[in-house]
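Overview (structure and organization)
Spelled out, the chains give:
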Amino acid sequence: MKATETRYDPNNNLVTTTLSGFVNSEDVEQWKQSLSDTLDSLPENGGFKIFVNLHGFKAENFDVHKQFRNVIPLTLADYGFRAGYVEMFENVDLPLQNKRGIKCLAAAHCHQDETKIANYQQQFSKPNEQFFTDPLAAANWISKLQVS
C-alpha cells in the first residue's frame, strides 16, 4: 500500500510524515508538498518533533531515489536540525536556520532495512534522534520523548 502523507498532532507537537510503498516521482512530489504544507501551518516561534516513517518505501528507480533522499535532511536543516546521517558525507555544507522561528527538537526515523538502520543507530543516534525498523516503536519513542 502506498502512502504519501504528513500530519501534525498539536497536542504532542509531533509531525508524522510517511512515504511508503512502491513510489514514483509524482508520489515523492506529493509527499514533499504534504510535508512542506504541514510545516508551513505550524505556529511561529515554536518547536516540533518529527517521525519520519519510511517503512515500506521503495523507489521506482534510482532517479526517484535521488529525488527523495535530500528531502528530509534539507527540510530539517530549515528548522535548525542536522540529521545525524548527514555525517556519512564529507564536507557537507548544510546551514541550519529556524524558518519562521520554528525549531525541530527531535526526530525518529523508521525504515525496513535492518542493516542500514542498525548502522545509523550505532553511528548517528543521539538523545533526540533515534533510528528504528519498527514503526510502532518509533512512534512510541518520539511520542513519549520530552523536549523543550
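Read on for an overview of the structure. Note that the coordinates shown come from a computational prediction; the quantities given were computed from them, not determined experimentally. Throughout this description, residue numbers start from 1 for each chain and increase along the sequence as written. The model is predicted, so local features are restricted to residues of pLDDT at least 70 and side-chain atom pairs to those at 80 or more, both for listing and for counting; the totals for chains, interfaces and linings are taken over all residues. To get the side-chain values, all heavy atoms of the structure are used, and hydrogens and water are removed first.

Remarks on the nonpolar core
For clarity, the cut-off: By convention a nonpolar core is built from buried Ala, Val, Leu, Ile, Met, Phe, Trp, Tyr and Cys residues, the set being connected through side-chain atoms within 4.5 Å. Three labels apply to residues, based on accessible area from a 1.4 Å probe with only protein chains included: buried if under 20% of the type maximum, exposed if over 50%, partly exposed otherwise in between. Between two residues, a contact is recorded if the distance between any of their heavy atoms is within 4.5 Å.
Counting 33 residues, the largest nonpolar core has W31, F48 and I50 as the members making the most contacts within it. Beyond its immediate chain neighbours, meaning those up to four positions away, I50 contacts L14, V15, T17, L35, L76, C104, A106, A107, A108 and I142. If you look at the next biggest cluster of nonpolar residues, it comprises nine residues, including A106, A108, C110 and A138.

Here's the deal with the packing of aromatic side chains
Note the following rule: Pairs were defined over the aromatic rings of Phe, Tyr and Trp, the Trp ring being its six-membered one, requiring ring centres within 6.5 Å. Orientation was assigned from the angle between planes: stacked under 30 degrees, edge-to-face over 60, tilted for the rest. Secondary structure follows DSSP: runs of H or I at least 4 residues long count as helices, runs of E at least 2 residues long count as strands, and numbering of each begins at the N terminus.
Evaluated as defined, the whole model comprises eight aromatic pairs. Ring geometry for Y120 and F131: centres 5.6 Å apart, planes at 80 degrees, overall edge-to-face. Placement of the pair is Y120 in helix α4 (residues 114-124) and F131 in strand β6 (residues 129-132), with a sequence separation of 11 residues. Residue classification places Y120 among the buried residues on the basis of a relative accessible area of 13%. Residue F131 is classed as buried on the basis of its relative accessible area, which comes to 5%.

Here we look at the pairing of strand β1 (residues 3-9)
Our working definition: DSSP bridges decide pairing: two strands pair if at least two such bridges lie between them.
When β1 meets strand β2 (residues 14-23), the two strands line up antiparallel, connected through seven bridges. Looking at β2, one finds that R7 is bridged to T16. Between β1 and the antiparallel strand that follows it, β2, lie four residues; N13 among them carries a positive phi value of about 50 degrees.

Re the state of the cysteines
Worth spelling out the cut-off: Defined by distance alone, a disulfide is two cysteine sulfur atoms within 2.5 Å.
This structure, assessed with the given rule, holds zero disulfides. As a non-bridged cysteine, C104 has C110 as the owner of its nearest cysteine sulfur, 16 Å distant. C110 sits in the buried class, given a relative accessible area of 1%.

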